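# Residue-level structural notes
This is what each chain is made of:
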Amino acid sequence: MSALLEIDNLQTVFSTGRGMLRAVDGVSIALNAGEVTGVVGESGCGKTMLALSILRLIPPNGRIQTGRIVFEGTDLLSLTEAEMRQKRGSDIGMIFQEPMTSLNPVLRVGEQIAEVVMLHRGLPRKQAQDESVRMLAEVGLPDPSRRAADYPHQLSGGMRQRVMIAIAMSCHPKLLLADEPTTALDVTVQAQILDLMAQLQKKNDMAVMLITHDLGVVARMAHRVAVMYAGRIVEMAAAADLFENPLHPYTKGLIESRPGACGKATSGNFKLKTIPGTVPSLYALPEGCRFSDRCDYASETCRHAEPSLEEVRTNHCVACVLHQKKIAG
Ligand code: SF4
């Protein structure tokens, strides 16, 4: 199967007052149609910058230094800004964490969907307005014709996120980038939005890149998972394989520090396991493996050279000398 999106050795850098910072550093990953790929990691690990790089929406002090982002055979980095604008919102949809910052506060939500439909699908206004009501119904908004006339502030957080999904889906994207789509929502609404996304993903056979810090969300939604740490992918595998047999000490730490990991989350005295230390500053990365300062298994070897991501079992890649030694030996 050829991938819908193939990212090869992507490096996104930022010039700052404190020097050059590599927010995404040598990331390679492929996304297939009909598959949800979860990208997980703590905040600051580069997962949002990865999504913004795909969309070519990185902040002005950043740039893509090396790599290729090939979508359906075309390197997105070779497109003009006008061509890229056409891709965004049509072939590639996006949903962000806080819909209030993405929605226009002074435009009725129905109009916002209609604008996108007119721009990307070329429908006349009346048809685009009908389509916006149909989309609001599809994402489960009650009384969609009345809701289409609402402004974003008149809707709840869950309804606003449904509107964002309606906007993203209105052009039938082949790829959906969803960055912490449910983080701002309460648990019940979160579950409803994830169910809605799963349903639309299957119906439209979309590729989805689901970016989250929440392993519970990934376990529920993703077919494959990439774990990021300090700008790099440190482990990548099918979701079931990753949760059953995590190889990288960081992945193991993330899984063990999940509420409910030991089935005792509700017990009064239970203390969750945590990963010691904090994510290193991208300005001052440790020598060798970036996780070495927090890793129980760190040895001198780990501090000499940075381990590369290698396939150590079928479709299971990890960047850790513990497993690379096993291949060699
Ligand atoms: Fe730990 Fe070494 Fe593996 Fe890094 S390479 S994760 S420090 S064992």
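What comes next concerns the included structure. None of the values given here were measured: they were computed from a predicted structure.

## Describing the overall build of the chain
When helices and strands are tallied, the chain shows 13 helices and 12 strands. Since a compact globule built from 329 residues should have a radius of gyration of about 20 Å, the 21 Å found for the chain is in line with a globular shape. By its C-alpha atoms, the chain is 65 × 55 × 45 Å across when sized along the principal axes. The buried share among the 329 residues of the chain stands at 50%. The contacts of the chain with a sequence gap of at least 6 include a subset with a gap of at least 24, amounting to 64%.

## Topic: helix α4 (residues 109-121)
For α4, spanning 13 residues, the distance from its first C-alpha to its last is 18 Å, which sits close to the expected 18 Å at 1.5 Å a residue. Looking only at α4, the buried set comprises Val109, Gly110, Gln112, Ile113, Ala114, Val116, Val117, Met118 and His120. Of the surrounding secondary structure, the elements contacted by the buried residues of α4 are α2 (81-87), α5 (125-138), α6 (144-147) and α7 (157-169). Directly after α4, the chain includes Gly122, whose backbone phi takes a positive value near 70 degrees.

## Quick word on the sheet that holds strand β2 (residues 19-31)
Ordered by their spatial adjacency, four strands build an open sheet running β2-β1-β4-β5, and the pairing between neighbours is antiparallel. Where the open sheet ends on each side, the last strands, each with one partner, are β2 and β5 (74-75). Note: strand β4 (residues 62-71) against β5, two bridges, orientation antiparallel. From the neighbouring strand, Phe71 faces β5, where its bridge partner is Thr74.

## Details of the pairing of strand β9 (residues 224-229)
Taking burial as the measure, the six residues of β9 include six buried ones, the bulk of the element. Residues Arg224, Ala226 and Met228 line one face of β9 and the alternating positions Val225, Val227 and Tyr229 line the opposite face, and both faces are buried. Relative to strand β10 (residues 232-238), β9 runs antiparallel, the two sharing six bridges. What sits directly across from Val227, in β10, is Glu235. Counting the residues that bridge the hairpin from β9 to β10 gives two residues, and of these Ala230 lies at a positive phi of roughly 45 degrees.

## Notes on the packing of aromatic side chains
The final tally for this structure, using the stated rule, is three aromatic pairs. One aromatic cluster is present, formed by Tyr229, Tyr250 and Phe291 through successive ring pairs.

## With respect to the environment of Arg294
Along the chain, Arg294 falls in the loop between α11 (249-256) and α12 (300-304). Through-space distance from the C-alpha of Arg294 to that of Thr278 is 7.7 Å; in sequence the pair is 16 residues apart. For Arg294, the side chain forms a polar contact with the side chain of Glu42, separated by 3.3 Å.

## Notes on the pattern of salt bridges
All chains considered together, the criterion is met by 22 salt bridges. Of the charged contacts, one joins Asp91 and Lys87 as a salt bridge, the two residues approaching to 3.1 Å between their closest N and O atoms. For Lys87, a relative accessible area of 19% gives the class buried. Here Asp130 makes a salt bridge to Lys126, at a shortest N to O gap of 2.7 Å.

## Some remarks on the sheet that holds β10
The eight strands are arranged β6-β7-β8-β3-β9-β10-β12-β11 in an open sheet whose pairing can be described as mixed. Edge positions in the sheet fall to β6 (92-95) and β11 (310-313), since each of these pairs with one other strand and no more. This sheet shows a mean twist of 20 degrees between the axes of neighbouring strands, independent of strand direction. On top of the sheet, helix α1 (residues 47-55) reaches β3 (36-40), β6, β7 (175-179), β8 (207-212) and β9; it is set at about 145 degrees to β8, its chief contact. The sheet strands contacting α11 are β9 and β10, and the helix crosses β9 at an angle near 105 degrees.

## Description of the site of the ligand
Taken together, 13 residues surround the ligand, and among them Cys289, Cys295, Cys302, Cys320 and Val321 come closest. Because more than half of its atoms lie within 2 Å of the grid, the ligand is assigned to the largest cavity. By residue class, the composition of the shell around the ligand is 11 nonpolar, two polar and no charged.

## Describing the layout of surface pockets
Counted as a void, the largest pocket has a volume near 490 Å³. Lining the largest pocket are 19 residues, with Gly89, Met94, Val116, His120 and Ile167 sitting closest to its centre. When residues of the lining of the largest pocket are traced back to their parent elements, those giving at least two are α2, β6, α4 and α7. Top contributing element to the lining of the largest pocket by residue count: α4, with five residues. Classifying every residue of the lining of the largest pocket gives nine nonpolar, seven polar and three charged. Empty space within the second largest pocket amounts to approximately 370 Å³. Together, 17 residues line the second largest pocket, and Ile29, Ala30, Arg224, Met236 and Asn315 are the ones closest to its centre. Elements that contribute at least two residues to the lining of the second largest pocket include exactly β1 (5-16), β2, β4, β10 and β12 (316-318). Looking at the lining of the second largest pocket residue by residue, the class counts come to eight nonpolar, four polar and five charged.

Parameters and conventions
- Residues numbered from 1 in each chain as written.
- Predicted model: local features only at pLDDT ≥ 70, side-chain atom pairs only at ≥ 80, totals over all residues.
- Heavy atoms only, no water.
- Helix = DSSP H or I, 4+ residues; strand = E, 2+ residues; numbered from the N terminus.
- Rg over C-alpha atoms; globule rule 2.2 N^0.38 Å.
- Buried < 20%, exposed > 50% of the residue type's maximum accessible area, 1.4 Å probe, protein only.
- Contact = heavy atoms within 4.5 Å.
- Expected span 1.5 Å × (residues − 1).
- Pairing = 2+ DSSP bridges.
- Phe/Tyr/Trp six-rings, centres within 6.5 Å; stacked < 30°, edge-to-face > 60°.
- Polar contact = N/O pair within 3.5 Å; in protein donor to acceptor, adjacent residues only side chain to side chain.
- Salt bridge = Lys/Arg side-chain N within 4 Å of Asp/Glu carboxyl O.
- Axes fitted to C-alpha atoms, helices over the stretch in contact; angles between N-to-C directions.
- Near = heavy atom within 4 Å.
- 1 Å grid on protein atoms, 1.4 Å probe; cavity = no way out; pocket = protein on both sides within 12 Å on 5 of 7 lines; lining within 4 Å.
- Sits in = over half its atoms within 2 Å of the grid points.
- Nonpolar A, V, L, I, M, F, W, Y, C, P; charged D, E, K, R; others polar.
- Points joined across faces, edges and corners; volume = space filled by probe spheres on them.

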